[in-house]
Each structure stands twice: as structure tokens, then as C-alpha cells.
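Fold and contact review
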Amino acid sequence: MIAVRDNRDRAAFASLFDYFAPRLKGFIMRTGTGSGQAEEIVQEVMLTVWNKSDLFDPGRAQVSSWIYQIARNRQIDKIRKENRALPEELQMEEETEPDAGQVLGLQQEADRLKDAIRNLKPEQREMIEKAYLGELTHQEIKQQTGLPLGTIKSRIRLGLERLRHELKHIR
Amino acid sequence: MKTITHHIPDALLAAYAAGTLPYAYEMVVAAHVSMCDACRADLAAHEAVGGAVLEDTASTAVSADLKSNLMDLLDMPFETRSAPTRKGIYPGPIAEALKGKAPRWRPLGGGVRQDILDAGPEGSARLLFIPPGMAVPDHSHNGLELTLVLQGSFSDDAGEFGVGDVEVADQEVDHIPTAGPDVPCICLAATDAPLKFNSWLPRLLQPVFRI
């Protein structure tokens, strides 16, 4: 992803496509979208990834979370009358070097999270899938999901603080 | 500047990440996240769960020409929606709902004014303007009401709410939000059902004002 962002590397983008496109299609079709429209959304999501890669910050997000969020935005804008309400974006400076320790730390937390999800009891895991596929209302999500999100939250906060700090220095 | 002490509950952040909130609530969450780094990070954590679920989703083969078509499109201009930007006291998502204009205030009585940004079967979102020291008529509501402070402050039984704070009130709460003494309080209030007022006059006016 970094090669896509910094070098506009097409081969790297092609491998991102090979990994994510079939998963995205499966993901989008699980919410009841037909195959044709799902591919249309996959195409738009991947084009957004290419065109907005400068907004990707490996100190705050994994590629999969970033793509998840783009896919959600696209789907909602497509099916609903009102566009999805989006938060303001934190603009990154071009020269900002990602902090290797932070990137690695986030990677480790994300791997831990994946393990935690894989080790859930099947019915719990299904609840998580349903919730994040958008099949549950917020009232239904209210019961604790039992996922340990505390450490990944503090890790992302750290990444955000560093970014804020750097922005302050530049201005 | 006073720090934000009342945040978005975790379940609402998860539902926002999953895209299941009605537009009115979405606006409150997106506006608060624009003002609050703690909730921005927590939302990102929920997106990380979403990303993990996405990676573990069973793949479905894509048609053969999807990739080549896509690679051809990389050099073409592609229109993406940009994230909204702040305007004055209004965070990006609210400025976007106002379409970049100033609010069109309508009187609600007692100097209180409102501008309905969105009203539909799924819920409603409106801006409220409450003069210093004034109170919004006593009301309870069906479902959940989220109120985000954009200017000034208000207080009720649940405590004091300053800029960036969100009050989450369920239907059991009968509350009388009163604006702080110094400046008018401007806030964004979102519900998933019409408000119910406890005295007869506002109740009579309710269908007229769509509140």
C-alpha cells in the first residue's frame, strides 16, 4: 500500500486488487447486493484506494480497515438518499515519515485482534461478523461484544497524537 | 479550551463504523469525531474490527475483465467525495448539511430557535439556538436523543455539557436543558422519533413545527 501511495506502483496496486477484490465482492454480496452491482462497488472502492492513497496513514490504520471504511461509504452513498455523514479528514503533510515503531505496534495489535476474533466461539464470531457487516442495529450491538479493543484503541490514539504533534511542528 | 468529557458510547461508534445508523445520528457521530481525537481513535479501532472481518470473509471470484478494466481506469480522472470541512462553529458534516449556508432559524417560543436539517421516518436532526439562561421546553422522547454542543453550554439533571460534549438521553429521561449564562447555546439534536412535550401548548404546536 505504501508503494501505491508513494510511488504510484501499479504492480503493487494489482496485488492489492488480487487480495482484496474477491473478499470485497464476497463481503458486499453478503449484504444482499447482486453480483453485477457488487463488482461495480468493488471497482469504485479500488479506484478510491488508488486516487486517495495520500490519505492512508499506516500509523493509524491497517489497509484492511481503511478499505473497509471506504467500502462502507460507497455502499451507503449508493443505497441511501442522503450521503453518509463523514468526519473531517486530518490532512497529512507529504514529507511525514511514518514512525516505524508505531506502524509495527499497530500491526501487532491488529494481528492480536484478528486472533481474538478467530478464537471466539462460533456463535460469538457470527455476531461480530453480523455487526460489522451492518446487519445489526445499534441497539442490538449494545450488548458487549467481548472483544478486547482497549489496547488497539490506545495504540491508534498514540498514532493520532504523533500526527497532531508533527502537524503542529510544520505549521 | 475546556476538554470534552461526554463522549459517543461505544455501541454507537461500532454502528457508525458498520454503517447502520440513521443519517441524523450519523451526523452527530461524524461531527463529534471531527472534534474529539479520543473518539476518532476509538472509531478507527472499530474499523479495524471491520477490516479483520473483511479479510476473513469468504472470497467470491470476480469476473475476468474487472481487473484489466480497472487498471485502464487508473489514469482517468475519478470523482471522489471529499471529506467535508469546518465552517465557523459548524464541524464539517454539519456545514455540509447546511450546504455551506448559515442556519435558517425559526422561532420555537421563549427565544429558542431551530433549523431542521433532516427529518424523515428514520429520525430527525436539527440545530437548536437557546438564548443564555433559557431552557428548552420540558420534553421526553421516543427512542434515543443525541445532543452535541457547538457553542456555549447547557446543563440539565445529567450534568453540564460544553462544546464538543454529547448528551445521550433515552426515553426515560425527562430533561430541561438550560443554556449557560454567557453566550447563546447552539447544539445539534438528533432523535429517531418525534419529540413529545409534556405541556399542552408545545404539544399542540408540535405537528406545525415538526419537532
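In this report, the structure presented in the accompanying data block is examined. Predicted model, so just to flag it, every value in this text is computed and none were measured. (Residues numbered from 1 in each chain as written. Chains lettered and ligands numbered in written order. Predicted model: local features only at pLDDT ≥ 70, side-chain atom pairs only at ≥ 80, totals over all residues. Heavy atoms only, no water.)

1. A short note on the packing of aromatic side chains
The way to describe two aromatic rings as a pair is by their centre distance and the angle between their planes. All names here are of chain A. Per the stated rule, a full pass over the model turns up 6 aromatic pairs over all chains. Taken together, a centroid distance of 5.2 Å and an interplanar angle of 65° make the contact between phenylalanine 13 and tryptophan 50 edge-to-face. Separated by 37 residues along the polypeptide, phenylalanine 13 in helix α2 (residues 10–30) and tryptophan 50 in helix α3 (residues 35–51) bring together distant segments of the chain. Tryptophan 50 matches phenylalanine 13 in its accessibility class, with the two residues each being buried. (Phe/Tyr/Trp six-rings, centres within 6.5 Å; stacked < 30°, edge-to-face > 60°. Helix = DSSP H or I, 4+ residues; strand = E, 2+ residues; numbered from the N terminus. Buried < 20%, exposed > 50% of the residue type's maximum accessible area, 1.4 Å probe, protein only.)

2. Section: unusual backbone geometry
With a phi angle near 50°, Arg8(A) is a residue other than glycine that sits in the positive phi range. Relative to the helices and strands, Arg8(A) resides in the loop between α1 (2–7) and α2. Owing to a relative accessible area of 36%, Arg8(A) belongs among the partly exposed residues under this scheme. The backbone of Lys99(B) shows a phi angle near 55°, a positive value even though the residue is not glycine. Within the fold, Lys99(B) resides in the loop between α5 (92–97) and β1 (106–109). Judged by its relative accessible area of 67%, Lys99(B) falls in the exposed class.

3. Observations regarding the interface of chain A and chain B
Contacts between chain A and chain B engage 69 residues on the former and 66 residues on the latter. Both faces considered, chain A and chain B share a buried interface measuring about 6200 Å² in area, 62% of it formed by carbon and sulfur atoms. Along the contact surface separating chain A from chain B lie 9 salt bridges. Residue Arg10(A) pairs with Asp75(B) through a salt bridge whose shortest N-O separation is 2.5 Å. Linking chain A with chain B are 28 residue pairs in polar contact (both at pLDDT 80 or more). Taken together, the elements giving at least two residues each to the side of chain A that touches chain B come down to α2, α3, α4 (63–79), α5 (100–118), α6 (122–133), α7 (138–141) and α8 (150–170) of chain A. Broken down by element, the side of chain A that touches chain B gets its largest block of residues, 15 residues, from α2(A). Grouping the constituent residues of the side of chain A that touches chain B by class yields 33 nonpolar, 11 polar and 25 charged. (Contact = heavy atoms within 4.5 Å. Buried area = accessible area lost by both parts, 1.4 Å probe. Salt bridge = Lys/Arg side-chain N within 4 Å of Asp/Glu carboxyl O. Polar contact = N/O pair within 3.5 Å; in protein donor to acceptor, adjacent residues only side chain to side chain. Nonpolar A, V, L, I, M, F, W, Y, C, P; charged D, E, K, R; others polar.)

4. Overview of the sheet that holds strand β2 (residues 112–120) of chain B
Residues and elements named next belong to chain B. The sheet built from 6 strands is open, its strands ordered β1-β2-β3-β10-β5-β8 with antiparallel pairing. Of all strands in the sheet, those bounded by a partner on one side alone are β1 and β8 (166–169). Each neighbouring strand pair of the sheet contributes to a mean axis angle of 25°, computed without reference to strand direction. For strand β5 (residues 145–151) and β8, the ladder comprises 4 bridges, and the chain directions are antiparallel. By the bridge assignment for β8, leucine 146 is matched with valine 168. (Pairing = 2+ DSSP bridges. Axes fitted to C-alpha atoms, helices over the stretch in contact; angles between N-to-C directions.)

5. Notes on α2(A)
Residues and elements named next belong to chain A. For α2, with 21 residues, the first-to-last C-alpha span of 29 Å sits near the 30 Å given by 1.5 Å per residue. Along its length, α2 reaches its greatest deviation from straightness, about 35°, at phenylalanine 20, and the proline proline 22 lies no more than four positions downstream. Two to three positions downstream of the cap, the backbone nitrogen of alanine 11 sits 3.0 Å from a side-chain oxygen, assigning the N-cap of α2 to aspartate 9. In the segment just after α2, glycine 32 is the residue with positive phi, at about 90°. (Expected span 1.5 Å × (residues − 1). Bend = angle between axes of the 7 residues up to and from the residue.)

6. Looking at the environment of Ala102(B)
Looking at where Ala102(B) falls in the secondary structure, it is placed in the loop between α5 and β1. Separated by 22 residues in sequence, Ala102(B) and Ser124(B) have C-alpha atoms that sit 19 Å apart.

7. A closer look at a positive patch on the surface
Residue and element names in this part refer to chain B. A contiguous patch of positive charge on the surface is contributed by Lys99, Lys101, Arg104 and Arg106. If you trace the backbone, arginine 104 turns up in the loop between α5 and β1. Take arginine 104: its relative accessible area is 58%, and that puts it in the exposed class. (Patch = residues over 30% accessible without salt bridge, like charges linked within 9 Å, V, L, I, M, F, W, Y side chains within 5 Å. Areas by Shrake-Rupley, 256 points an atom, 1.4 Å probe, with all protein chains shown as cover. Lys, Arg positive; Asp, Glu negative; His and termini not counted. Charge placed at Lys NZ, Arg CZ, Asp CG, Glu CD.)

8. Description of the sheet that holds strand β6 (residues 154–156) of chain B
All names here are of chain B. Read from one edge of the open sheet, 3 strands run β7-β6-β9, paired in antiparallel fashion. The two strands at the open ends of the sheet, each matched to only one other strand, are β7 (159–161) and β9 (178–179). In this structure, β6 lies alongside β7, joined through 3 bridges in antiparallel fashion. Residue pairing for β7: serine 155 is matched across the bridge by glutamate 160.

9. Some points on the pattern of salt bridges
Summed over all chains, the structure comprises 22 salt bridges over all chains. For the salt bridge of Glu129(A) with Arg30(A), the shortest nitrogen-to-oxygen distance reads 3.3 Å. Here the residue Glu129(A) occupies a position in helix α6, and Arg30(A) occupies one in helix α2, the gap between them amounting to 99 residues. Classification of Arg30(A) by relative accessible area gives partly exposed; the value is 41%. The salt bridge involving Lys153(A) is made with Asp10(B); its shortest N-O contact spans 2.9 Å. With Lys153(A) in helix α8 and Asp10(B) in helix α1 (residues 10–18), this residue pair bridges two chains. Residue Lys153(A) is classed as buried on the basis of its relative accessible area, which comes to 13%. For Asp10(B), a relative accessible area of 34% gives the class partly exposed. What you see here is one network of salt bridges that share partners, running through Glu40(A), Glu44(A), Arg74(A) and Lys78(A).

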